[in-house]
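Residue-level structure breakdown
Residues per chain are reported as follows:
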Amino acid sequence: MCIPPPNVTGSLHIGHALTVAIQDALVRWHRMRGDQVLWVPGTDHAGIATQAVVEKQMWKERGVRRHELSREDFLREVWQWKEAKGGEICEQLRALGASLDWDRECFTMDAGSSVAVTEAFVRLYEAGLLYRNHQLVNWSCALRSAISDIEVESRPLSGRTELLLPGCPTPVSFGFLLSVAFPVDGEPDAEVVVGTTRPETLPGDVAVAVHPEDSRYTHLHGHWLRHPLTGQLLPLITDSAVQPHVGTGAVKVTPAHSPADAEMGARHGLSPLSVIAEDGTMTSLCGDWLQVVPDSVLPHPLGAPSSSPSPSHFLVSLEASHFHHCHFPQGLHRFVAREKIMSALRERGLFRGLREHPMVLRLCSRSGDVVEYLLKSQWFVRCREMGDRAAKEARKSFLSFKTTSEATCPIREAHVQEGKPCLKPLFPPGCGVGGPGAEPLLPPEELAALVFPHWGLVYLPAIVVGPSDSSLPGHGGACKDPDVLDTWFSSALFPFSALGWPQKTPDLARFYPLSLLETGNDLLLFWVGRMIMLGTQLTGQLPFSKVLLHSMVRDRQGRKMSKSLGNVLDPRDIISGVELQELQAKLRDGSLDPSELAIAAAAQKKDFPHGIPECGTDALRFTLCSHGVLGGDLHLSVSEVLSCRHFCNKIWNALRFILKVLGEKFVPQPAEELSPSCPVDAWILSRLALAAWECERGFLTRELSLVTHALHHFWLHSLCDVYLEAVKPVLSRSPRSSGPSQVLFSCADLGLRLLAPLMPFLAEELWQRLPQRPGCTAAPSITIAPYPSAHSLEHWRQPELEQRFSRVQEAAQTLRALRATYQLTTARPRVLLQSPEPGEQGLFQSFLEPLGTLGHCGAVGFLPPGTAAPTGWAQAALSGTLQVYMELQGLVDPQTHLPLLAARRHKLQKQLDSLLAQAPLEGVAETQMQQRLSSLQLELSKLDRAASHLRQLMEESPDPGELKP
């Protein structure tokens, strides 16, 4: 198994802790079963995320931008960052108790990974699965880098909205629709009005399109229009993709900055014009009037016709050279140019209105800038063949994915231009998995199979491509290609590159394919799908035989973990505890802007007013594993972890008690020779065997919540709450029977071994204190001690005895409830049981002493069937046939207790009346209210009966000697 390599951009959070807790529990369980286990650690270079973080740090500490450094110098900064952050991640993993094979630690930019990436690239190229093309990409002008779809946030705007964007000193307006007229050439009074939300792209328009069946424009088919800014002739084209019922039914076509327009332009043979540069300024193709030059030099754009932008600026052929170097620093910022364009339209009389318009704005999640579509040179992967092959292998195995008839494959490229790393992703149609009748591996829009070049920090010295992009190593005339590969690409190779691929290493032969991949369900498409496709293509095998996905961790309010919300926690802060001041100091050291910092700090102060208490590693791990792996999102609260810490304390105190009982001269018997001497001993051993069976089932099915539930129930509710209390009278006798001591040792020894995969630190510490069995070579550590198997303890199972004893526990709870009702704090009242069923009396006969002990009562006896109920004794029905009577005479002062009962009843009645007065609820809330109502009504009924009994005591004074057990 391999750990999903965490990003080296920062420290681990609770989501990573969940992954570690689950994987480490499985790994430790397999080791204790005697299996050969390999768990490979690693970190991911994190691509553009690291680039952004390192650049921000350089600017904060030294006032240096990435563009001011050479590629080599910037890479050196990244490596220094990796050494610092990578070391912190390893410290966190060790704090979480991760028992990784540290001598096999990997990094997705180390020498071994680079060799694997290069080999994979060459093999895909030689197989004809890799090729080069020019396509649109998501571009962040603030980062001067392309970004993937998962790094694009779609923000819906209901209307006009002002946003402060990187590089813009004043807010920029969005959520409006500008209507602009395109005059019809040769018809002075005719025009076609189109709407746009992005006026800055108007210089890149190459046509206007209408639906071929739209009767409003039928008479204009074949006509030419005048560009409203340049006067250039643009064709009016007809295309069925136009929606005639939207707006005016006419749309402008800007192929260089819109995927839909690019497809339409390709259908009609239109040449795209790139009018926005990599840095977000307007290119020289827009004309001098949109460039930053002194006004005295440039003619005014709205002056005489001779000073207008020349149409020649827009007559550009679609050759690759025009799109490689279209960055001209003197261009106006695109949002400054927007205002100038709108002013020009007003001056020319072609402005037709501005109104609010709902829209979805695409923002870069890393910079907050508006994402542009730009034309860039790309590497593509033909995914259909790989997808079909992977789907075929998956069908032969257990894997199954959604079925679809079409698919797209996101591809990215990055190159270094002028020493500046940049990223170029692509999501082109027609390059996907599946087809009519085929079963592709993943859904089309989310396939994300192979995202190649991603950013400029991954250096692949062995990859060379000739000038015609057709040469490879060993071919004449080859030269080094500055393009690089995406971080997802190296991560997709991780299951086999971490084992030494492409070399035929012993690790690769022995451990590949992996037995299990465990990761978050949010990585199914981004990472798991890529590994399946590349693993199948490059190794001929699925990279793993099973996939286990866990849920996303959210806070107790159901919110996603986010730095801006102040709810992203370092696991070490929960393990060791942290003051509020230190938490907020970490926020200030982060990457939040002042407004975000204020919000996050306020949220932290509200959620953790006194900081976070120390909870410990074992409590955190156990809590994380207690949630169902395949359930909904995991809502985690620190209070839940703190409650588990109390559970750990309970186990610690239980072992202190057991070790005190055993003493220094105790000699353990072999577990197979242990024979219980009394029914309660037999019961706890049966519960221990059941816990072992449930733990084994939970680990085999990888439902760790079953394991945590079984262990929590055994240690807390069976051993601590019941057995330890029940045997205390037996242990206090002299001479003491050896039976309970042997049972206590077995419960401690086997119980700690059952617990060890989830609570390794606590289990190791306590297990080392237990006495050793004579003649046996004890394991040096609990981590390699045998895990208790259900089969080996099967002879202790007595389900019928457990069922009988559950009735005894019900009776004990009833007795404790009676004691609480009558507020018997120190008294130990006598108890009588009465039942007409002889078998029921026999059921309790062998448990009378434990019943009295657990019920905090005195002697327990039987009232013969048919005998009248004792006068003045409290009565409760345990079932339809069994009655419980508790002595009150002489133990309760009715005159003192009746007012107290009345006050309690008045308080509960007010709560009941308040609930009844509430408006009707629905769903879960209604169910919860009904449960609360039933609980209050039951408690009121008990108080009424108690008051009745106390009044009886005031009226009668029966002879206490007439009823003896």
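You'll find the protein chain entered in an unreviewed UniProt entry as Valine--tRNA ligase, mitochondrial, with Galeopterus variegatus given as the organism. In its Subcellular location (unreviewed entry) section, the UniProt entry covering the protein chain states "Mitochondrion".

In this section: the overall build of the protein chain. Scanning the protein chain for helices and strands turns up 27 helices and 28 strands. Taking as baseline every contact in the protein chain between residues at least 6 positions apart, the subset at least 24 positions apart corresponds to 78%. With the model as given, the accessible surface of the protein chain reaches about 42100 Å², and the carbon-plus-sulfur share is 52%.

Let us look at the sheet that holds strand 28 (residues 883–886). The strand order across the open sheet formed by 4 strands is 26-25-28-27, and the pairing between neighbours is mixed. Two strands close off the open sheet at either side, each with one partner strand: strand 26 (860–862) and strand 27 (874–877). Along the sheet, successive strands turn relative to each other by an average axial angle of 25°, direction set aside. Note that strand 25 (residues 831–834) and strand 28 share 4 bridges and pair antiparallel. The residue of strand 28 that forms the bridge with Leu832 is Tyr885.

Our next topic: helix 24 (residues 838–845). Those residues of helix 24 that sit buried are Glu840, Leu843 and Phe844. On an axial view of helix 24, the arc spanned by its buried residues comes to 90°, and they lie on one face. The outward face of helix 24, more than 90 degrees from its buried face, is lined by the exposed residues Pro838 and Gly839. In this structure, the buried side of helix 24 is in contact with helix 23 (799–821), strand 25, helix 25 (848–854) and strand 26.

For the bond from Trp501 to Pro502, the omega torsion is 10°, close enough to zero to count as cis. A cis amide bond links Tyr512 to the next residue, Pro513, at an omega of 0°. Note on placement: Pro513 falls in the loop between helix 11 (506–511) and strand 21 (517–520). Unlike most non-glycine residues, Arg144 shows phi in positive territory, near 50°.

One can find Ser258 in the loop between strand 13 (250–253) and helix 5 (259–268). Overall, Ser258 belongs to the buried group, its relative accessible area being 18%. Separated by 116 residues in sequence, Ser258 and Leu374 place their C-alpha atoms 8.4 Å apart. Other than its neighbours up to four places away in sequence, Ser258 contacts Leu136 and Tyr373.

Turning our attention to the packing of helix 19 (residues 704–726) against helix 21 (residues 738–755). Taken N-terminus to C-terminus, the directions of helix 19 and helix 21 make an angle of 160°; their axes are 11 Å apart at the nearest point. As judged from the angle between their axes, helix 19 and helix 21 are roughly antiparallel. For the pair helix 19 and helix 21, the sense of crossing is left-handed. For the pair helix 19 and helix 21, contact is made by Leu711, Phe714, Trp715, Leu719, Tyr723 and Leu724 and by Pro740, Val743, Leu744, Cys747, Ala748, Gly751, Leu752, Leu754 and Leu755, respectively. Split into classes, the residues belonging to the contact of helix 19 with helix 21 amount to 14 nonpolar, 1 polar and no charged.

Overall, the predicted model of the protein chain reaches an average pLDDT of 82, with 85% of residues at or above 70. The secondary structure element of the protein chain with the lowest average pLDDT is strand 18 (residues 416–417), at 23, and the one with the highest is strand 10 (residues 207–210), at 98. Here residues 294–329 is a poorly scored stretch, pLDDT under 50, and it has 59 contacts once near neighbours within four places are set aside; other chains count. Here residues 400–478 is modelled with pLDDT under 50, and outside its nearest four sequence neighbours on either side it reaches 286 contacts, counting other chains as well.

We now examine the nonpolar core. Formed by 141 residues in total, the largest nonpolar core has its most connected members in Ile651, Tyr723 and Phe844. Among the elements that line this core, the one with the most residues is helix 19, at 13 residues. Among residues more than four places away in sequence, those in contact with Ile651 are Trp715, Leu752, Leu755, Met759, Leu762 and Leu766. Listed in part, the 47 residues of the second largest apolar core include Cys141, Val193, Ala250 and Ala344.

Two elements in contact, helix 14 (residues 580–588) and helix 15 (residues 594–607), have axes whose closest approach is 10 Å; the angle formed by their N-to-C orientations is 160°. As far as their axial angle goes, helix 15 and helix 14 are roughly antiparallel. Like other packed secondary-structure pairs, helix 14 and helix 15 cross with a definite hand, here right-handed. Packed against helix 14, whose contacting residues are Leu580, Leu583, Gln584, Leu587 and Arg588, the element helix 15 presents Leu597, Ala600, Ala601, Gln604 and Lys605 at the interface. A class-by-class count of the residues in the contact of helix 14 with helix 15 yields 6 nonpolar, 2 polar and 2 charged.

Further remarks concern the pairing of strand 28. Along strand 28, one buried face is formed by Gln883 and Tyr885 and the opposite face, lined by Val884 and Met886, is buried too. Across 4 bridges, the pairing between strand 27 and strand 28 is antiparallel. Residue pairing for strand 28: Gln875 is matched across the bridge by Tyr885. Where strand 27 folds back on strand 28, the antiparallel hairpin that results is connected by 5 residues.

With that settled, consider the sheet that holds strand 9 (residues 191–196). If you walk across this open sheet you meet the 3 strands as 9-8-14, and the pairing is antiparallel. Strands at the two margins of the open sheet, each flanked by one partner only, are strand 9 and strand 14 (351–356). Shown here is a sheet whose adjacent strand axes are inclined to one another by a mean of 20°, direction ignored. With 4 bridges joining them, strand 8 (residues 176–183) and strand 14 adopt antiparallel strand pairing. Directly across from Leu177, in strand 14, lies its bridge partner Arg355. Contacts from helix 7 (residues 334–348) reach strand 8 and strand 14 within the one sheet, and its direction differs from that of strand 8 by about 45°.

Take the UniProt feature "coiled-coil region" (unreviewed entry) in the protein chain next. What UniProt calls "coiled-coil region" (unreviewed entry) maps, in this numbering, to residues 926–953. Strand forms 0% of residues 926–953 and helix 100%; the C-alpha atoms that close the span are 41 Å apart.

This part covers the packing of aromatic side chains. Across all of its chains, the model carries 11 aromatic pairs by this definition. Look at Trp29 and Phe699: their rings are 5.0 Å apart centre to centre, the planes differ by 10°, and that puts the pair in the stacked class. In this pair, Trp29 sits in helix 1 (residues 14–32) while Phe699 sits in helix 18 (residues 679–701), placing the two residues 670 residues apart along the sequence. Taken individually, Trp29 and Phe699 each receive the classification buried, so the pair is uniform in this respect. Between Trp683 and Phe805 the ring centres are 4.5 Å apart and the planes differ by 40°, which places this aromatic pair in the tilted class. With Trp683 in helix 18 and Phe805 in helix 23, this residue pair connects regions lying 122 residues apart in the sequence. Assigned by exposure class, Trp683 and Phe805 land together as buried. One aromatic cluster is present, formed by Trp29, Phe699 and Tyr787 through successive ring pairs. The side chain of Arg65 reaches across the aromatic face of Trp59, ending 4.0 Å from its centre. When the ring centre of Phe174 is taken as origin, the NZ or CZ atom of Arg338, which lies over that ring, is 4.9 Å away.

Here is what the cut-offs are and how they apply
Residues numbered from 1 in each chain as written. Predicted model: local features only at pLDDT ≥ 70, side-chain atom pairs only at ≥ 80, totals over all residues. Heavy atoms only, no water. UniProt positions renumbered as here; feature names shortened; annotations may be inferred. Helix = DSSP H or I, 4+ residues; strand = E, 2+ residues; numbered from the N terminus. Contact = heavy atoms within 4.5 Å. Areas by Shrake-Rupley, 256 points an atom, 1.4 Å probe, with all protein chains shown as cover. Pairing = 2+ DSSP bridges. Axes fitted to C-alpha atoms, helices over the stretch in contact; angles between N-to-C directions. Buried < 20%, exposed > 50% of the residue type's maximum accessible area, 1.4 Å probe, protein only. Arc of directions from axis to C-beta. Parallel < 35°, antiparallel > 145°, perpendicular 65-115°, else oblique. Left-handed = near helix turned anticlockwise from the far one by under 90°. Nonpolar A, V, L, I, M, F, W, Y, C, P; charged D, E, K, R; others polar. pLDDT = per-residue confidence, 0-100. Core = buried A, V, L, I, M, F, W, Y, C linked by side-chain atoms within 4.5 Å. Phe/Tyr/Trp six-rings, centres within 6.5 Å; stacked < 30°, edge-to-face > 60°. Lys NZ or Arg CZ within 6 Å of the ring centre and 35° of its normal.

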